[in-house]
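For reference, the chains in residue letters:
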Amino acid sequence: MAAAAVPLRTLRRLCRVLLFLFQFYILSGGESTDIPPYVMKCPSNGLCSRLPADCVECKTNFSCVYGKPVTFDCTVKPSVTCVDQDFKSQKNFIINMTCRFCWQLPETDYECSNSTSCMTVSCPRQRYIANCTVRDHIHCLGNRTFPKMLYCNWTGGYKWSTALALSITLGGFGADRFYLGQWREGLGKLFSFGGLGIWTLIDVLLIGVGYVGPADGSLYI
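Residues numbered from 1 in each chain as written. Predicted model: local features only at pLDDT ≥ 70, side-chain atom pairs only at ≥ 80, totals over all residues. Heavy atoms only, no water.

**Q** Explain the packing of aromatic side chains to me, please; I cannot follow it from the model alone.
**A** Here a ring pair, both rings aromatic, is described through the centre-centre distance and the interplanar angle of the planes. Using the criterion set out here, one finds three aromatic pairs in the structure. Plain terms: the ring middles of Y110 and F146 are 5.4 Å apart, the flat faces sit at 75° to each other, and that makes the pair edge-to-face. Of this pair, Y110 sits in strand β7 (residues 110-112) while F146 is found in strand β9 (residues 145-151), placing the two residues 36 residues apart along the sequence. Just as Y110 is buried, F146 falls in that class too. Ring geometry for F178 versus W183: centroids 5.3 Å apart, planes at 55°, classification tilted. A residue is classified by how much of its surface remains accessible, and W183, at 56% relative accessible area, is exposed. Stacked on the ring of Y151, the Lys or Arg R127 has its end atom at 4.2 Å from the ring centre. (Phe/Tyr/Trp six-rings, centres within 6.5 Å; stacked < 30°, edge-to-face > 60°. Helix = DSSP H or I, 4+ residues; strand = E, 2+ residues; numbered from the N terminus. Buried < 20%, exposed > 50% of the residue type's maximum accessible area, 1.4 Å probe, protein only. Lys NZ or Arg CZ within 6 Å of the ring centre and 35° of its normal.)

Following this line, the structure appears as structure tokens:
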């Protein structure tokens, strides 16, 4: 029994050594298992011509005529698989698009960041610098991420109909101003009984035309 246990222990030690060497080989970069981040956006075995822009590399020509149709030679990136119209594997293909830079695209073709720190109810209306990114399936020239000046357009959840109803019914107690987050004006109306009715009438008109809005500078919904 003792003689049979010695080879078994030796075999176990040998397996441990081999496992350690294999793990060291993987960690040292002997076999790369990293997947490029763009692969997650690329549908497998789909049509090459419909791949997102992040999945292909195209030889663009910036001297094309703006607004005119143009064709570019494209190649799929490594680790991306796609097919042609006959469902045959393909690496090189031609893509059809309109000659224009990414910042010249319609607003529906890109997404921009929102700002909640600018005043939407102001004169003149405020703008902010937004970072815009082209949607994946849209092809264009130049950088796919670009800055753009946009009008402040965000909402804090305040309803215009609710503010107007409060102004008409309970405006003499400052309920409309309290609802919009304007506490000082609300207290002023409360203790002056709506400015003896004059302030109440003025607020009904100002809220009705949208001149008075939420205190945080957002838009009504």
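**Q** Just to check I follow, could you spell out the packing of helix α2 (residues 160-170) against helix α6 (residues 198-208) for this structure?
**A** Two elements in contact, α2 and α6, have axes whose closest approach is 9 Å; the angle formed by their N-to-C orientations is 165°. Compared by their axis directions, α2 and α6 come out roughly antiparallel. Crossing of α2 over α6 shows left-handed handedness. For the pair formed by α2 and α6, the contact residues are W160, A163, L164, S167 and I168 on the first element and T200, D203, V204, I207 and G208 on the second. For the contact of α2 with α6, the class distribution of residues is six nonpolar, three polar and one charged. (Axes fitted to C-alpha atoms, helices over the stretch in contact; angles between N-to-C directions. Parallel < 35°, antiparallel > 145°, perpendicular 65-115°, else oblique. Left-handed = near helix turned anticlockwise from the far one by under 90°. Contact = heavy atoms within 4.5 Å. Nonpolar A, V, L, I, M, F, W, Y, C, P; charged D, E, K, R; others polar.)

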